[in-house]
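Structural overview
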Amino acid sequence: MATKKSFHRTDRISAQLRRDLGTLVHNTVREHGLPSVSVSDVEVTRDLAHAKVFFTALDPSRAKEALKGLQEQAREIRFQLAHAMKLRHVPELHFLYDDSVDRGERIEQLLRDLPPAGEEDDAS
């Protein structure tokens, strides 16, 4: 039963981190002139020592620049997070670019570029 409780706790903490980091990252982006990003997901390790913070970029071509800026500000964001959340230990933040939106758009474009059914060569 204890493992089930801990699983739910990490889910709740991940959700809270996602909400709080969404705001903190938005403020950091504005304050430091970083490319516009939004937090898409947060995964916390079971021991709550580390958190993977996935983000998407409004302009995917500037994702590396955004990642570099967020990594440079990670300590400050973690410090602000400690004040926002009532946790004994705030996880170390690891920012990762979430390219799933980019991949989805690319697949959509490829599908749009396919010829409509019935217009294919009937040579086969």
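This section reports on the structure supplied with the text. As the structure is a computational prediction, the values presented were derived from the model and not from experiment.

A word on the overall build of the protein. Of the regular secondary structure elements, the protein holds 3 helices and 3 strands. From first element to last, N terminus to C terminus, the protein shows the α and β order α-β-β-α-β-α. Counting across all 124 residues of the protein, residues that qualify as buried make up 31%.

Two faces, one strand: in a regular strand the side chains alternate between the faces of the sheet. Across 7 bridges, the pairing between strand 1 (residues 37-44) and strand 2 (residues 50-57) is antiparallel. Across the sheet, Val 42 pairs through a bridge with Val 53, a residue of strand 2. With antiparallel pairing between neighbouring strands as the criterion, strand 1 and strand 2 make up a hairpin whose turn holds 5 residues, including Leu 48 at a positive phi of roughly 65°.

It is worth spelling out the pairing of strand 3 (residues 92-97) at this point. Bridge count for strand 2 against strand 3 is 6 bridges, and the pairing is parallel. Residue Phe 54 lies in a different strand from strand 3, and its bridge partner there is Leu 96.

Before going further, it helps to examine helix 2 (residues 63-84). With 22 residues, helix 2 ought to run about 32 Å at 1.5 Å a step, yet its terminal C-alpha atoms sit only 27 Å apart, falling short of that. Those residues of helix 2 that fall on the buried side of the exposure criterion are Ala 63, Ala 66, Gly 69, Leu 70, Gln 73, Ala 74, Ile 77 and Leu 81.

Summarising the element assignment, Thr 28 is placed in helix 1 (residues 2-32). In contact with Thr 28, not counting residues within four places along its chain, are Leu 34, Gln 73 and Ile 77.

It is worth spelling out a nonpolar patch on the surface at this point. Together, Ile 107, Leu 111 and Leu 114 line one region of the surface with nonpolar side chains, adding up to about 310 Å² of accessible area. When you line up the elements, Leu 111 lands in helix 3 (residues 100-113).

With that settled, the discussion passes to the sheet that holds strand 3. Pairing is mixed across the open sheet formed by 3 strands, whose spatial order is 1-2-3. Either end of the sheet is taken by a strand with one partner, and the two such strands are strand 1 and strand 3. Between one strand axis and the next, the sheet turns by 30° as a mean value, whatever way the strands run. Against the sheet, helix 2 engages strand 1, strand 2 and strand 3, with an angle of about 160° to strand 3.

The next thing to look at is the pattern of salt bridges. Under the definition given, this model contains 5 salt bridges. Between Arg 62 and Glu 65 there is a salt bridge, and its shortest N-O distance comes to 2.9 Å. Overall, the relative accessible area of 39% leaves Glu 65 in the partly exposed class. Among the ionic pairs, Glu 108 bridges to Arg 112, the shortest N-O distance being 3.2 Å. Taken as a pair, Glu 108 and Arg 112 lie in helix 3 at a separation of 4 residues, close to a single helical turn. Accessibility expressed as a relative area gives 47% for Glu 108, which makes it partly exposed.

What counts and how
- Here, residues in each chain are numbered from 1, in the same order as that chain's written sequence.
- Where totals are concerned, whole chains, interfaces and linings use all residues; where local detail is concerned, this predicted model gives features only for residues with pLDDT of at least 70, and gives and counts side-chain atom pairs only at 80 or more.
- The side-chain quantities take in all heavy atoms of the structure and omit both hydrogens and water.
- Strands are runs of DSSP state E lasting at least 2 residues, helices are runs of H or I lasting at least 4, and numbering of each runs from the N terminus.
- Relative accessibility decides the category of a residue: with a 1.4 Å probe and only protein chains considered, values under 20% of the type maximum give buried, values over 50% give exposed, and everything between is partly exposed.
- A pair of strands is labelled paired if DSSP reports no fewer than 2 bridges between them.
- A helix is expected to reach a length of 1.5 Å times the quantity of its residues less one.
- Residues count as neighbours in contact if any of their non-hydrogen atoms are within 4.5 Å of one another.
- Exposure above 30% relative accessible area and no salt bridge define the residues that can form patches, which grow by joining like charges within 9 Å and nonpolar side chains of Val, Leu, Ile, Met, Phe, Trp and Tyr within 5 Å.
- The protein chains shown are the only cover counted for residues, whose accessible areas, like all others here, come from Shrake-Rupley with a 1.4 Å probe.
- By definition, a salt bridge exists where a carboxyl oxygen of Asp or Glu is found within 4 Å of a side-chain nitrogen of Lys or Arg.
- The angle between two axes is taken between their N-to-C directions and runs from 0 to 180 degrees, where each axis is a line fitted to C-alpha atoms and a helix contributes only its stretch in contact.

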